Amino acid sequence: MSRNPVGPRSCYDESKRAGEAIIKAYELQHDLNTKIVRIFNTSGPRIRHGPEFGRVIPNFIYQALNNEDLTVFGDGSQTRSFTYVVDEIEGILKIVGRKETLGEVINLGNNQEFTILELAKLIIELTNSESKITFLPLPIDDPARRCPVLEKAKKLINWEPTTPLKEGLRKTIAWFKDNDFE
Ligand code: UDP
């Protein structure tokens, strides 16, 4: 997928790759052991939420629990794949603990894709919400798709995500309710 090198989110896109190159340079300079994990959209209890974060799952859950319209950007046909936080952490710990992962760059994510419109409808259903969906303009350079290739994680640490989206969402919604974020 091509990226806009000077768009409004280019500093975010480029800084992730720059971070990896810096880690590698540090490894070589100081003769260290390093491992790089690329995490993708992750969600679960205790996720940061609120207007300053703006991530889709906490936004939609908050809106649904408050019977506000869910704000789908664009037509909602863009896809994302969401990893439940416990799966993600298990993967990170395996990478930390195994020597096979030394010097590697490893994707940890989920490759089951959902459209943002599907996600909005699912969250309305799981919260029994009266909310409707409202469509707002798509942010500039919003990726149409983000889906990790997971073969390396499978091969090196025998890891793949196991928590279905629905189950992860149920737990995340329960946490929002328990903590009075409605
Ligand atoms: N999104 C949306 N409504 C929101 C927040 C986000 O439709 O209230 C969309 C956003 O445009 C993107 C997707 O949901 O297509 C995921 O957004 P997020 O910021 O969570 O992750 P990222 O874009 O970094 O993958």
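Summary of the structure given here. (Residues numbered from 1 in each chain as written. Predicted model: local features only at pLDDT ≥ 70, side-chain atom pairs only at ≥ 80, totals over all residues. Heavy atoms only, no water.)

1. Some points on the site of the ligand
Consideration 1: Every one of the 16 residues lining the ligand counts as a neighbour, but Arg 55, Thr 71, Arg 80, Asp 142 and Arg 146 are closest to it.
Consideration 2: Asn 41 has a polar side-chain atom sitting 2.9 Å from an oxygen atom of the ligand.
Consideration 3: Measuring from an oxygen atom of the ligand, one finds a side-chain N or O atom of Asp 142 at 2.6 Å.
Consideration 4: Within the complex, 94% of the 520 Å² of free accessible area of the ligand lies under protein. (Near = heavy atom within 4 Å. Polar contact = N/O pair within 3.5 Å; in protein donor to acceptor, adjacent residues only side chain to side chain. Areas by Shrake-Rupley, 256 points an atom, 1.4 Å probe, with all protein chains shown as cover.)

2. Some thoughts on the nonpolar core
Consideration 1: Phe 60, Ile 61, Leu 119, Ile 123 and Leu 169 are the most contacted members of the largest nonpolar core, which totals 21 residues.
Consideration 2: Breaking this core down by element, the ones donating at least two residues are helix 2 (56-65), strand 3 (70-73), helix 4 (116-126) and helix 6 (165-178).
Consideration 3: Membership of the second largest hydrophobic core comes to 8 residues, among which are Ile 95, Ile 106, Leu 108 and Ile 157. (Core = buried A, V, L, I, M, F, W, Y, C linked by side-chain atoms within 4.5 Å. Buried < 20%, exposed > 50% of the residue type's maximum accessible area, 1.4 Å probe, protein only. Helix = DSSP H or I, 4+ residues; strand = E, 2+ residues; numbered from the N terminus.)

3. Notes on helix 3 (residues 85-97)
Consideration 1: Taking 1.5 Å per residue as the helical rise, helix 3 with its 13 residues ought to reach 18 Å, and the 18 Å between its terminal C-alpha atoms agrees with that figure.
Consideration 2: Buried within helix 3 are the following residues: Asp 87, Glu 88, Gly 91 and Ile 95. Buried positions in helix 3, seen along its axis, are confined to an arc of 100° and lie on one side of it. For helix 3, exposure combined with an orientation more than 90 degrees from the buried face picks out Leu 93, Val 96 and Gly 97.
Consideration 3: The elements touched by buried residues of helix 3 are strand 1 (36-39), strand 2 (42-43), strand 5 (83-84), strand 6 (105-108) and helix 5 (151-157). (Expected span 1.5 Å × (residues − 1). Arc of directions from axis to C-beta. Contact = heavy atoms within 4.5 Å.)

4. As for the side chain of Glu 88
Consideration 1: Take Glu 88: it is sitting in helix 3.
Consideration 2: For Glu 88, which is buried and forms no salt bridge, the nearest opposite charge comes from Lys 16, at a distance of 11 Å.
Consideration 3: With sequence-adjacent residues up to four places away left out, Glu 88 is seen in contact with Ile 39, Phe 40, Thr 42, Thr 83, Leu 108 and Trp 159. (Lys, Arg positive; Asp, Glu negative; His and termini not counted. Salt bridge = Lys/Arg side-chain N within 4 Å of Asp/Glu carboxyl O.)

By themselves, these are just geometric observations and shouldn't be taken as functional.
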